[in-house]
Amino acid sequence: MKKLLSLICAGAILLAGCGTSDSGSGANKPSQETDVVAAVSLDFTTMDPVDTSDTLSGGIQRLIMDGMFGFDDDMNNIPMLATGFEANEDATEYVLTLREGITFTDGTPWDAAAAKANLDKLADTSRGLKRTSLLGPIIDTVEITGDYEVTVKLTQPFGAFIATLAHPACVMMSPKVLEKGDAECAAAPVGTGQYKFVEWESGDHLKVELNKDWWGYEAGLADKDAGFKSVNFKVVTESSTRVQGIQAGDYQFIWPIPTESYDTLDKDSNVKVYSDEGIVVYYLCMNTQKAPFDDIRVRQAMNYAINKDDYISIIRNGLGTKATSIIGPAVAGYKRNEPIEADLDKAKELLTEAGYPDGFEITQYYSSNSANQKTAEFMMQQLAQVGIKVNIVGQESAITNALIQDCTKPGSEAEVDIYHTGWSPSTGDADWALRPLLASEMCPPANYNISYFANDEYDALIHGALETADQDKRNELYAKAQDIVWQELPIVPLANSFNTWATSNNLENIKIYKDGAINIRNAKFAGQ
């Protein structure tokens, strides 16, 4: 066995925030004795991490349950319930060393048996849970090899194993709850986290309370006075109500900020607003398996025709930066490429060379809402400048998903021409973007290669990066793969996302993780 890494715990460093509290005169009371209210725009879907596909629910689960590995504020992988690992040369076997002296909040010990119970659930694809696809196909066996050690043998090389264990779906739940079945896991989770689950009333609120005995305080993950007595996450679907609520002091923090209200809240002395670059990258897919996008000159012309600065200004309301890869800078394995600047003359020249001097006509489907319609209209206007006519078709999201993501036809027969979307690699690793988005075996319905991109060299590079757990070697291969994306241009890279949030002006250290989930690990009232 080759020892590759023994990770060292790092404390979370959070941005400071400020506002007023309606729940106990914040600045005059210790944070850990004060309740706060947060407003969220959507309802929670489940509290079972292995069946969760939305960032909101996964973020709350991270408060309640810790993973063996997790992230710091900058999306760096850090040890949590594990202290380190060893891997063999071909990344098919991992020995995980577990942290000692920790119990779940129901009194169950965290040990090798608890780790095995959770890993066995992640590996059980027969349960029909959404996130067993992460590790289910590659986990062969999980063996207890010590009181605080498990050995995981894989069906194939998988150098992204440790990064995947940091995914929100891989947080650890008490074996007592696991034994009660998936329905109990979805309704009443129990973990080792900084907060304990209290109640969830669907459509109204979800409440957690502080676990003052959280092991993370002693481990230096947060200041010992950080945290609130309880946090009540209120479901407030109306954007204006959330904005008015934080201005009035009814809520102590909200996220994300409605883009149209960012400037309004920024000018309110009772509110503090924040924005920070995330890891979601927005891009435009082109179906490379059918004309005209099977011609690289047309794909190049598309990249020259769309102005990324205008996209950021008009569509992202100025909150973004030009994409320099299919993954964001905070993702492990990222390699920067120069943004492709708009050049309408160059676009027209390339179209003429490709045999389309008068342009061509295509269709863009989108899920009907005002934001998606605005984006589709933007693409239509941009491409019209070089003679490309885009027919935009809005429809219910279920219909769009069935047509685009769930398509069972080969790319040459698929209806999709172009498609605007974004992707967040929630493992924090290049694998969970470069593979599902552009590997040839990941075309719909298998995954999200809506460009139907197929390149043997690209496939060899990203699969080669899974054959080692040596991060330097993996990064070298991923860099070459990202260069191929820039050379072949199966997509139009548009923008890196920004996360936004607002707090009342007497709170500090509330932040959003790079993947869009709430980060209150070190949060407290100012001056406490």
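The structure we're discussing is the one just above.
So, here's what we can say about the structure.

About the criteria used
Residues numbered from 1 in each chain as written. Predicted model: local features only at pLDDT ≥ 70, side-chain atom pairs only at ≥ 80, totals over all residues. Heavy atoms only, no water. Phe/Tyr/Trp six-rings, centres within 6.5 Å; stacked < 30°, edge-to-face > 60°. Helix = DSSP H or I, 4+ residues; strand = E, 2+ residues; numbered from the N terminus. Buried < 20%, exposed > 50% of the residue type's maximum accessible area, 1.4 Å probe, protein only. Lys NZ or Arg CZ within 6 Å of the ring centre and 35° of its normal. Pairing = 2+ DSSP bridges. Core = buried A, V, L, I, M, F, W, Y, C linked by side-chain atoms within 4.5 Å. Contact = heavy atoms within 4.5 Å. Axes fitted to C-alpha atoms, helices over the stretch in contact; angles between N-to-C directions. Parallel < 35°, antiparallel > 145°, perpendicular 65-115°, else oblique. Left-handed = near helix turned anticlockwise from the far one by under 90°.

Here we look at the packing of aromatic side chains
Within the structure shown, the criterion is met by 16 aromatic pairs. Aromatic side chains Phe69 and Phe85 sit 6.3 Å apart centroid to centroid with 80° between the ring planes, which places their arrangement in the edge-to-face category. With Phe69 in strand β3 (residues 69-71) and Phe85 in strand β5 (residues 82-87), this residue pair connects regions lying 16 residues apart in the sequence. The class of Phe69 is buried, set by a relative accessible area of 2%. Here the aromatic residues Phe69, Phe85, Tyr94 and Phe161 are joined through ring pairs into a cluster of three or more. Over the aromatic face of Tyr513 sits the side chain of Arg62, whose NZ or CZ is 5.0 Å from the ring centroid.

Regarding the pairing of strand β11 (residues 230-235)
In terms of burial, β11 is a largely internal element, five of the six residues being buried. Strand direction decides the pairing type here: strand β2 (residues 35-40) and β11, joined by six bridges, are parallel. The partner of Asp35 across the bridge, within β11, is Ser230. Pairing geometry for strand β10 (residues 205-210) and β11, over five bridges, is antiparallel. Among the inter-strand pairings, Val208 is bridged to a residue of β11, identified as Val231.

Side note on the nonpolar core
In terms of nonpolar packing, the biggest core is built from 124 residues, with Met68, Leu96, Trp110, Phe161, Phe233, Phe253 and Trp255 touching the most fellow members. The contacts of Met68, once residues within four sequence positions are left out, are Pro79, Met80, Leu81, Ala82, Leu96, Leu98, Trp110, Ala115, Leu119, Leu165 and Met172. Listed in part, the 29 residues of the second largest apolar core include Ile312, Ala347, Ile388 and Val390.

Structural notes on the packing of helix α10 (residues 296-305) against helix α12 (residues 344-353)
Between α10 and α12, the least distance of the axes is 8 Å, while the angle of their chain directions is 160°. Taken together, the axes of α10 and α12 are roughly antiparallel relative to one another. α12 is crossed by α10, and the crossing has left-handed handedness. Side by side, α10 and α12 meet where Arg297, Val298, Gln300, Ala301, Tyr304 and Ala305 of the first sit next to Leu344, Lys346, Ala347, Leu350, Leu351 and Glu353 of the second.

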